[in-house]
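The residues making up each chain are set out below.
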Amino acid sequence: MQDHFLNRYRTVRSRTEQICKPLKTEDYVVQPIVDVSPPKWHLGHTTWFYENFLLVPFLEGYPLFHSEFNYVFNSYYESVGARVLRTDRGNLSRPTTEEVYQYRAHVNEYMEELIQSEIGVHENVRFILEMGLNHEQQHQELLQYDIKYILGNNPLFPAYSTMNKKADSNEKATALTFESIQEGVYTIGHQGDGFHFDNEKGEHKVYLNPFEISNRLVTNQEYLEFMNAEGYSSFQFWLAEGWDWVKMNQINAPEYWHKIDGQWMNYTLSGIQPIEMEAPVSHISFFEADAYARWKGMRLPTEFEWEVAASQMGKVKDNCFVEGNRLTPAIQSEEGPHYFGTLWEWTSSAYRPYPNYTPPEGALGEYNGKFMINQMVLRGGSIATPSDHFRITYRNFFHPNLRWLFNGFRLAKSL
């Protein structure tokens, strides 16, 4: 079992650095907006997590790499101490990128010692280690969002990588159809003993009225029809807060779309490319997804409808959605098939606790519970999601105005 955790630790840590490998030194410190953290900060924060929650409390005699790193790389854990403001992460020209990689190597050395020690087999240590690994995998996905935003807002639109540049494709999207889901009482929430975050508990029953849900995500072509129909200037399709957001920010297209010489283009990790009309529309806010659904006379599914539909429409094994057409590995392209797992999907559900939800004790209790306000739930996963993070019960959550994540949406309608 210790070998399993050691190999898993090495794999996860290596993957984070692999994502950063195409970057130049100058890319590591950029923070264009508050929601985007510099890649250097992700590298340090994920390392700080193991140091603070495992090495300091459990490994006797562990030498801190630097006494100020707890202040620099703490994210939002009030119970752990003071921290750099989120808006100031881009001001951290020091510590240098080289020092942060040295920090990672230092912590890795002592983490391997801890994992292979007698205390490394203790249940509490293994629980925190598993949490730390999943936490770093979440940051791997955020890293890809942030890298794309950093490069996509560079006036030169530099490519992150051209290794997997997608060729022009005439492939047509699957015809849009709707699957019917019968009314009934359904079980929601994580079942079984596999890893899951606390916000996936507790298991409970919900009643659903009959509804239909689309077999695929809305495409760029379909979304362009909404734009051409003056959807962005028609207030009747927008929630009041969404309409204010559109006007205040002068929104008229999805994130990364640019009209160049009369043609719609968008920034991808391979650089600026013509819009692939048959690909799923991505990088849109909840407000935009909701407005499009209203324009079509439909709506977004609730997270419970999504969970039930995913279990009936896809293949389920060990509580995981394993649709065979999901794009892997991550970071090849923002486009792909129209199945669960291509893009995170907005739902119409507010991010709230399930019945009898109880956060863990201590600092780890700050991981999810305190964010259960003013955010919307997304389901499914994206091509940037680590392959072992695909669970039907996985609940992602973001504020409704955010668009830099890899997201899209599908339609639903009541019967």
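Our structure is the block above this text.
So, here's what we can say about the structure. (Residues numbered from 1 in each chain as written. Predicted model: local features only at pLDDT ≥ 70, side-chain atom pairs only at ≥ 80, totals over all residues. Heavy atoms only, no water.)

1. A look at the overall build of the protein
Along the backbone of the protein there are nine helices and 14 strands. Of all 415 residues assigned to the protein, the portion counted as buried reaches 55%. Considering only residue pairs separated by 6 or more positions, the protein has 79% of its internal contacts joining residues 24 or more positions apart. (Helix = DSSP H or I, 4+ residues; strand = E, 2+ residues; numbered from the N terminus. Buried < 20%, exposed > 50% of the residue type's maximum accessible area, 1.4 Å probe, protein only. Contact = heavy atoms within 4.5 Å.)

2. What about the packing of aromatic side chains?
This model, assessed by the stated rule, comprises 38 aromatic pairs. With 6.1 Å between their ring centres and 45° between their planes, Tyr256 and Tyr267 make a pair best called tilted. On the criterion of sequence distance, the pair formed by Tyr256 in the loop between α7 (240-249) and β5 (257-260) and Tyr267 in strand β6 (residues 263-268) is long-range, its members being eleven residues apart. The residues Tyr256 and Tyr267 share a single accessibility class, namely buried. Plain terms: the ring middles of Tyr351 and Phe397 are 4.0 Å apart, the flat faces sit at 5° to each other, and that makes the pair stacked. Note that Tyr351 is positioned in the loop between β10 (344-350) and β11 (376-379) and Phe397 in strand β12 (residues 396-398), a separation of 46 residues in sequence. What makes Tyr351 buried here is its relative accessible area of 0%. (Phe/Tyr/Trp six-rings, centres within 6.5 Å; stacked < 30°, edge-to-face > 60°.)

3. Here's the deal with the pairing of strand β7 (residues 271-274)
Where a strand is regular, its side chains alternate between the two sheet faces. Sheet analysis places β6 next to β7, joined by four bridges and oriented antiparallel. Looking at the pairing, Thr268 lines up with Gly271 of β7. The hairpin formed by β6 and β7 contains two residues between the paired strands. (Pairing = 2+ DSSP bridges.)

4. So, the environment of Gly365
Mapped onto the secondary structure, Gly365 falls in the loop between β10 and β11. When the C-alpha positions of Gly365 and Tyr77 are compared, they lie 9.3 Å apart, and in sequence the two are 288 residues distant. If we skip the residues at most four places from it in the chain, Gly365 touches Pro359 and Pro360.

5. So, the sheet that holds β7
What the three strands build is an open sheet, ordered β5-β6-β7; its pairing is antiparallel. The open sheet has two free edges, formed respectively by β5 and β7, since each of these has just one partner strand. Between one strand axis and the next, the sheet turns through 40° on average, direction left out of account. Relative to β6, β5 runs antiparallel, the two sharing four bridges. Across the sheet, residue Lys259 finds its bridge partner in β6, namely Trp264. (Axes fitted to C-alpha atoms, helices over the stretch in contact; angles between N-to-C directions.)

6. Some thoughts on the pairing of β10
In terms of burial, β10 is largely enclosed, as five of its seven residues are buried. One ladder, built from two bridges, connects β10 with strand β13 (residues 407-408); its direction is parallel. If you follow Trp344 over to β13, its bridge partner there is Asn407. Here three bridges tie β10 to β11, and the two strands are oriented antiparallel to one another. Along β11, the bridge assignment pairs Trp346 with Leu378.

7. Re empty space enclosed by the protein
Using a probe with the size of a water molecule, rolled over the atoms, empty space left in the structure can be pinpointed. In this structure the tally under the stated criterion is one cavity of 30 Å³ or more. When its volume is computed, the largest cavity comes out at roughly 40 Å³. Of all the secondary-structure elements, those providing two or more residues to the lining of the largest cavity are α2 (39-58) and α3 (69-73). (1 Å grid on protein atoms, 1.4 Å probe; cavity = no way out; pocket = protein on both sides within 12 Å on 5 of 7 lines; lining within 4 Å. Points joined across faces, edges and corners; volume = space filled by probe spheres on them.)

8. As for the packing of helix α1 (residues 2-20) against helix α5 (residues 123-152)
It is at 10 Å that the axes of α1 and α5 come closest, and there the two elements cross at 15°. Considered as vectors, α1 and α5 are oriented roughly parallel to each other. The element α1 and its partner α5 pack so that their crossing is left-handed. Between α1 and α5, the contacting residues are Gln2, Phe5, Arg8, Tyr9, Val12, Arg13, Arg15, Thr16, Ile19 and Cys20 on the first element and Arg126, Leu129, Glu130, Leu133, Asn134, Glu136, Gln137, Gln140, Leu143, Gln144 and Ile147 on the second. Across the contact of α1 with α5, the residue classes break down as nine nonpolar, six polar and six charged. (Parallel < 35°, antiparallel > 145°, perpendicular 65-115°, else oblique. Left-handed = near helix turned anticlockwise from the far one by under 90°. Nonpolar A, V, L, I, M, F, W, Y, C, P; charged D, E, K, R; others polar.)

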